Amino acid sequence: MKRSVLSLSRATGRFTSGVRVLPSFLITGAQRCGTTSLYRALAQHPLLLKPVLHKGVHYFDVGYARGEPWYQAHFPLWVSAALLAHRYGARAQAFESSPYYLFHPLAGERIAADLPGVKLIVLVRDPVERACSAHAHELARGFETESHFEYAVELEARRLAGAEELLRESPFALHHSHRHHAYLARGRYAEQLDRLEPLIGRERILVLDSHRFFKEPEGVYDRVLEFLGVPHLGYPAFERHNGRPLPRRVPKVLGQALRDHFEPYDARLSRWLGGEPSWRR
């Protein structure tokens, strides 16, 4: 029944796509860094309009072949946005959250071409914690078959070999391991941000430390509203979503090896965060 409702909603959305808004900003990742929690906090603001059907549309990564009308079908009607703008005296902005956008090699180019002027919000966390959390997440969802995190890390280079080249050469191709098994690669945040910078512009990318978001959500929320140019209308209920307990602790030797691996990439994050990442202090 749920699939039927979603199918009907998408069909209706495509028919009316020309009178629907496109996003003004995107939460583009990183995976397992609090994107759902921020998304749900922002969705409580009356001028920030989430997709009609679900949080992540995944158009610019795995759904690009569907075309822009399909994408636009996921968002509210122009008339709804206009009524809200009239009521609150400020422009309503649509948005979505698809964490694979940050990592997919073509997503940034597609976003820049199709959404000129769009702003991006990126959350980052301790990349060792992120890798462990991603492994537990993919294991629970059935996308990972290797139950031991350390072995999954050993397999990563082989699993991802040639993935970016394939995705660039065949733009509509899918690569299972690139999306689901990039435990270390997705934590090299600076590489991904440096790729986005010339496409989007530094001034239109906001990078947030998710540890600070969960510790001091009000201050981070204020910063996001300022970045978006949206009036403050009170604080939402801040909740943590999609948290998943880790099946086991990372062995000490492996943990230190991973921290050493990420050190140069974490250092390059300083210019994005305006200071040293919290997990390096």
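Computed from a prediction, not measured in an experiment: that's the story for all the values here.

**Here's the deal with the overall build of the protein chain**
Moving on, step 1. Broken down by element type, the protein chain carries 14 helices and five strands.
Moving on, step 2. Scaling as 2.2 N^0.38, a compact globule of 281 residues should have a C-alpha radius of gyration of about 19 Å, and the protein chain matches this with 19 Å.
Moving on, step 3. Seen along its three principal axes, the alpha-carbon backbone of the protein chain occupies a region of about 60 × 40 × 40 Å.
Moving on, step 4. For the protein chain, buried positions account for 51% of its 281 residues.
Moving on, step 5. Within the protein chain, contacts between residues separated by at least 24 positions form 76% of all contacts whose residues are at least 6 apart in sequence.
Moving on, step 6. Measuring between centres, the 39 positive side-chain charges of the protein chain sit 7 Å from its 30 negative side-chain charges.

**Some remarks on the nonpolar core**
Moving on, step 1. With 55 residues, the main nonpolar core has L26, L42, F60, Y71 and I121 as its most contacted residues.
Moving on, step 2. Listed in part, the twelve residues of the second largest apolar core include A134, V153, L254 and L258.

**A few points about the sheet that holds strand 2 (residues 48-49)**
Strand pairing in a sheet takes place through backbone hydrogen bonds and is either antiparallel or parallel in direction.
Moving on, step 1. Sheet architecture is open: five strands sit in the order 2-3-1-4-5, paired in parallel fashion. The sheet terminates laterally at strand 2 and strand 5 (205-209), the two strands that pair on one side only.
Moving on, step 2. Direction of pairing for strand 4 (residues 119-124) relative to strand 5: parallel, over a ladder of five bridges. Within the sheet, the bridge partner assigned to L123 lies in strand 5 and is L208.
Moving on, step 3. Running over the sheet, helix 10 (residues 189-200) touches strand 4 and strand 5 and is turned about 160° from strand 5.

**Considering the pairing of strand 5**
Moving on, step 1. Most of strand 5 is tucked away, with five of its five residues classed as buried.
Moving on, step 2. Burial of the side chains of strand 5 extends over both faces: I205, V207 and D209 are buried on one face and L206 and L208 on the other.

**So, the UniProt feature "domain: Sulfotransferase" (unreviewed entry) in the protein chain**
Moving on, step 1. Sites flagged by UniProt as "domain: Sulfotransferase" (unreviewed entry) map to residues 24-231.
Moving on, step 2. Counting secondary structure, residues 24-231 comes out at 49% helix and 11% strand; the distance between its end C-alpha atoms is 15 Å.

**Examining helix 12 (residues 217-228)**
Moving on, step 1. Over its twelve residues, helix 12 extends 16 Å from the first C-alpha to the last, a length consistent with the 16 Å expected when each residue adds 1.5 Å.
Moving on, step 2. All of the buried residues in helix 12 are P217, V220, Y221, V224, L225, F227 and L228. Seen along its axis, helix 12 keeps its buried residues to an arc of 160°; they face one direction.
Moving on, step 3. Positive backbone phi, at 70°, marks G229, one or two positions downstream of helix 12.

Each value, and the rule that gives it
Residues numbered from 1 in each chain as written. Predicted model: local features only at pLDDT ≥ 70, side-chain atom pairs only at ≥ 80, totals over all residues. Heavy atoms only, no water. Helix = DSSP H or I, 4+ residues; strand = E, 2+ residues; numbered from the N terminus. Rg over C-alpha atoms; globule rule 2.2 N^0.38 Å. Buried < 20%, exposed > 50% of the residue type's maximum accessible area, 1.4 Å probe, protein only. Contact = heavy atoms within 4.5 Å. Lys, Arg positive; Asp, Glu negative; His and termini not counted. Charge placed at Lys NZ, Arg CZ, Asp CG, Glu CD. Core = buried A, V, L, I, M, F, W, Y, C linked by side-chain atoms within 4.5 Å. Pairing = 2+ DSSP bridges. Axes fitted to C-alpha atoms, helices over the stretch in contact; angles between N-to-C directions. UniProt positions renumbered as here; feature names shortened; annotations may be inferred. Expected span 1.5 Å × (residues − 1). Arc of directions from axis to C-beta.

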